[in-house]
Amino acid sequence: MTAALFPLPSGTDTQQLSLLGDPRPVRTPATLWRVWLADPATRQRFEAKRYRRGPDQCWPWIGAISSTGHGSFRAASLPGLSRRGTVPAHLYAYQLEHGIIERLGWSALTDPILCHRCDFAGCTNPHHLRLGTATDNRTEYLARRHSHSSPLADTRGTAGLSRAIAAAIRTALTADDPAHIIDQCINDAIAAGRPLSLW
């Protein structure tokens, strides 16, 4: 049983801003997260939209991709604000493994956010994700964005890279290609967006 399935202390009403960067952020109560993380049907739909590889490799999201390059997962269809039941796929993946994060991404620069150790926004491997701050995330971005091999340097941008990898995987899965061919398709999709280099 994962930590996400254990309830929070009674009376705890933590909320998260699920659509980070959205002009109208949506606060998602912990009660909803507990339902979405524990529901077998929701988890099965989630797993069908990510491509699992080795434990140290990125697990690309092959469903809908947001403008920031992150996976978008419709955990539930809720009335009210548009896309209210849609959450970032990497946030769902992290909490499925590690439990619910309290007060994620509110307003202060010191509030916790999820950072990708691998710099690939479309990754849903919980071991490639860590809690940090907006300042940490920005510092890491500035330090690594010019590295030729970094996903942050992709000429298509983060969304273009995530969409190219997802399309390559979906095509290979439709063709019933073996894992080593799918890995080559992923590598080809990554290489297509690498900046030109003189060395």
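None of these values were measured; they are calculated from a predicted model.

Conventions we followed
Residues numbered from 1 in each chain as written. Predicted model: local features only at pLDDT ≥ 70, side-chain atom pairs only at ≥ 80, totals over all residues. Heavy atoms only, no water. Pairing = 2+ DSSP bridges. Helix = DSSP H or I, 4+ residues; strand = E, 2+ residues; numbered from the N terminus. Salt bridge = Lys/Arg side-chain N within 4 Å of Asp/Glu carboxyl O. Buried < 20%, exposed > 50% of the residue type's maximum accessible area, 1.4 Å probe, protein only. Axes fitted to C-alpha atoms, helices over the stretch in contact; angles between N-to-C directions. Parallel < 35°, antiparallel > 145°, perpendicular 65-115°, else oblique. Contact = heavy atoms within 4.5 Å. Left-handed = near helix turned anticlockwise from the far one by under 90°. Phe/Tyr/Trp six-rings, centres within 6.5 Å; stacked < 30°, edge-to-face > 60°.

(A) Spotlight on the sheet that holds strand 4 (residues 71-74). Strand order across the open sheet formed by 3 strands is 3-4-5, with antiparallel pairing between neighbours. The open sheet has two edge strands with one neighbour each: strand 3 (64-65) and strand 5 (86-88). In the sheet, strand 4 pairs with strand 5 via 3 bridges, with the strands oriented antiparallel. When the bridges of strand 5 are listed, R74 appears paired with T86.

(B) Layout of the pattern of salt bridges. Evaluation of the coordinates by the stated rule reveals 7 salt bridges. For E47, the salt bridge identified is with R52, shortest N-O distance 3.1 Å. Judged by relative accessible area, which is 26%, E47 ranks as partly exposed. Two residues, R53 and D183, come together in a salt bridge whose shortest N-O distance is 3.1 Å. Residue R53 is located in the loop between helix 2 (40-47) and strand 3, and its partner D183 is located in helix 6 (residues 179-191); the two are separated by 130 residues in the primary sequence. Here the salt bridges do not stand alone but share partners, grouping D119, R130, E140 and R144 into one network.

(C) Spotlight on the packing of helix 1 (residues 30-38) against helix 3 (residues 89-98). Two elements in contact, helix 1 and helix 3, have axes separated by 10 Å at closest approach and are oriented at 80°. Put simply, helix 1 runs roughly perpendicular to helix 3. Counted together, W33, W36 and L37 of helix 1 and L91, Y92, Q95 and L96 of helix 3 form the full contact between these two elements.

(D) Here's a closer look at unusual backbone geometry. Unlike most non-glycine residues, D119 shows phi in positive territory, near 70°. The backbone of D176 shows a phi angle near 60°, a positive value even though the residue is not glycine. The exposure class of D176 is exposed, given its relative accessible area of 67%.

(E) Local environment of the environment of L131. Within the secondary structure, L131 is located in strand 7 (residues 129-132). Judged by relative accessible area, which is 38%, L131 ranks as partly exposed. L131 sits 37 residues away from Y94 along the chain, and the two C-alpha atoms are 9.6 Å apart.

(F) Summary view of the pairing of strand 4. As paired elements, strand 3 and strand 4 share 2 bridges and run antiparallel to each other. The residue bridging I65 from the neighbouring strand is G71, located in strand 4. What sits between strand 3 and strand 4 in their antiparallel hairpin is a turn of 5 residues, with G69 showing a positive phi close to 90°.

(G) Quick look at the packing of helix 5 (residues 157-174) against helix 6. For the pair helix 5 and helix 6, interaxial distance at closest approach is 9 Å and the crossing angle is 155°. Between helix 5 and helix 6, the interaxial angle falls into the category roughly antiparallel. Considering the relative orientation of helix 5 and helix 6, their crossing is right-handed. Packed against helix 5, whose contacting residues are L161, A164, I165, A168, I169, A172 and L173, the element helix 6 presents I182, C185, I186, A189 and I190 at the interface.

(H) Region of interest: the packing of aromatic side chains. Under the criterion given, the structure shown has 7 aromatic pairs. Judged by centre distance (5.2 Å) and plane angle (35°), the ring pair of F46 and W61 falls under tilted. Placement of F46 in helix 2 and of W61 in the loop between helix 2 and strand 3 is noted, with a sequence separation of 15 residues between them. The class for F46 is buried, based on a relative accessible area of 0%. Under the relative-accessibility criterion, W61 is labelled buried at 1%.

Function cannot be inferred from these measures alone, as they are strictly geometric.
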